[in-house]
Amino acid sequence: MSANSMTPRQAAVALVAAMPRGVSVQQLEEYGIEATTEQAQAITQEVLSLNLFWIFAAIEAHIPQKYQSALSELIVNAMEAGWGTTVPVGSADWTLYLDEWQERRRRYGRLVEEGVRPLAVSIEAATLMEKKHLVREVERHNLLALLIDFVPVDTYGQLLEDVG
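Residues numbered from 1 in each chain as written. Predicted model: local features only at pLDDT ≥ 70, side-chain atom pairs only at ≥ 80, totals over all residues. Heavy atoms only, no water.

## Let's talk about the environment of Tyr67
Under the convention used in this document: Per the convention used, a helix needs a DSSP run of H or I reaching at least four residues, while a strand needs a run of E reaching at least two, with both numbered from the N terminus. Here's how the labels work: a residue is buried when its accessible area is under 20% of the maximum for its type, exposed when over 50%, partly exposed in between, all with a 1.4 Å probe on protein chains only.
Summarising the element assignment, Tyr67 is placed in helix 4 (residues 65-82). Tyr67 gets classed as partly exposed once you look at its relative accessible area, which sits at 26%. Taking the C-alpha atoms as reference points, Tyr67 and Arg9, separated by 58 residues in sequence, lie 9.8 Å from one another.

As structure tokens, this is what we get:
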């Protein structure tokens, strides 16, 4: 292990720290998106799902298989521990969220398997948010800008390069 390498636990802490925690009504307004508190909380869940998708993709790409399960578990446990407190999702149920996240993970995974770029996955996430009436169609470009800023895909891979 090199002097700069991290343990799986340290990697999990770093990944969770790198992930934006939530999207407030004020932050949405800064991106030109009008939303209620409830919509901001639902958007937070969708952004979290997209972040978790890319974190788990980075784990699969950079972490030896023997550490993947433990690292994944640490991240899910950290999310559950912060659910409703450090992760502002209102009264959303953790178990229901996990089911939705697994569906999103499969959906986004199929896109990646088809060879699309990360932006196309963000476009899919934006489309889902439009269908759920969390954002209006005219706000799509603004939402994509927000997703680029709030889903630091490259950061996740960079963090995991030093796990050993």
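## A look at helix 1 (residues 8-18)
Stated formally: It only takes one pair of heavy atoms within 4.5 Å for two residues to be counted as in contact.
Those residues of helix 1 lying buried are Pro8, Ala11, Ala12, Ala14, Leu15 and Val16. Close packing links the buried residues of helix 1 with helix 3 (37-62), helix 4 and helix 8 (153-160).

## Quick notes on the packing of helix 3 against helix 7 (residues 140-150)
The condition is simple: Whenever a helix is involved, its axis is fitted only over the stretch in contact; in every case the axis is a line through C-alpha atoms, and angles between N-to-C directions fall within 0 to 180 degrees. Should an angle fall under 35 degrees it is taken as roughly parallel, and over 145 as roughly antiparallel, whereas 65 to 115 is taken as roughly perpendicular and any remaining angle as oblique. Helix crossings fall into two classes, left-handed where the near helix is turned counterclockwise from the far one by less than a right angle and right-handed where it is turned clockwise. Gly is placed with the polar residues, together with every amino acid not listed as nonpolar (Ala, Val, Leu, Ile, Met, Phe, Trp, Tyr, Cys and Pro) or charged (Asp, Glu, Lys and Arg).
Where helix 3 meets helix 7, the axes come as close as 11 Å, and the angle between the chain directions of the two elements is 50°. In this view, helix 3 runs oblique relative to helix 7, as classed from their interaxial angle. Taken as a pair, helix 3 and helix 7 cross one another with a handedness that is right-handed. Between helix 3, through Val47, Leu50 and Asn51, and helix 7, the contact on the second element is made entirely by Leu146, Leu147 and Phe150. Each residue belonging to the contact of helix 3 with helix 7 can be placed in one class, and the counts come to 5 nonpolar, 1 polar and no charged.

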